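Listed below, chain by chain, are the residues.
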Amino acid sequence: MHVATAPPPLPVGKIKTFGPVGPKYEVGNAIRQLDDGDWLIEVTMVETGEKAEYRWTNLTDDPEAR
């Protein structure tokens with residue numbers, strides 16, 4: 001059984017890229033915790049304004065945009 005925890009501290013408003021050369025996105029707020037303990041975070045694509053859900057564990061590995 002998974003125990004819910006508080007969302008991780010998020011760099012809301014920070015611009016990052018998917019991997020070393022991917023598109024830029026802006027970090028939003030936590031959406032919900034997943035069964036494996038990870039969190040889904042709302043991100044907004046900088047170029048299109050499209051919103052998406054992205055795993056916290058992936059977000060922490062992504063570099064800040066230049």
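Above this note sits the structure.
Model, not experiment: these values are computed from the prediction.

Participant: Any chance you could explain the overall build of the chain here in plain terms?
Facilitator: What the chain contains, in helices and strands, is one helix and four strands. For the chain, the α and β elements follow one another from N to C terminus as β-β-β-β-α. Considering only C-alpha atoms, the chain reaches an extent of 40 × 20 × 15 Å along its principal axes. In the chain, which comprises 66 residues, the proportion classed as buried is 27%. A fraction of 34% describes how many contacts in the chain between residues 6 or more apart in sequence connect residues 24 or more apart. Split by element, the accessible area of the chain, about 4400 Å² in all, is 53% carbon and sulfur. For the chain, the centre of its 7 positive side-chain charges and the centre of its 11 negative side-chain charges are spaced 5 Å apart.

Participant: Where do I start with the pattern of salt bridges in this structure?
Facilitator: Oppositely charged side chains can form a pair if their charged atoms are brought close together. Scanning all chains against the criterion turns up four salt bridges. Between R55 and D38 there is a salt bridge, with its nearest N and O atoms 2.9 Å apart. Separated by 17 residues along the polypeptide, R55 in strand β4 (residues 51-55) and D38 in the loop between β2 (24-33) and β3 (39-45) bring together distant segments of the chain. For R55, a relative accessible area of 32% puts it in the partly exposed group.

About the criteria used
- Residues numbered from 1 in each chain as written.
- Predicted model: local features only at pLDDT ≥ 70, side-chain atom pairs only at ≥ 80, totals over all residues.
- Heavy atoms only, no water.
- Helix = DSSP H or I, 4+ residues; strand = E, 2+ residues; numbered from the N terminus.
- Buried < 20%, exposed > 50% of the residue type's maximum accessible area, 1.4 Å probe, protein only.
- Contact = heavy atoms within 4.5 Å.
- Areas by Shrake-Rupley, 256 points an atom, 1.4 Å probe, with all protein chains shown as cover.
- Lys, Arg positive; Asp, Glu negative; His and termini not counted.
- Charge placed at Lys NZ, Arg CZ, Asp CG, Glu CD.
- Salt bridge = Lys/Arg side-chain N within 4 Å of Asp/Glu carboxyl O.

These results come straight from atomic positions and should not be treated as a statement about function.
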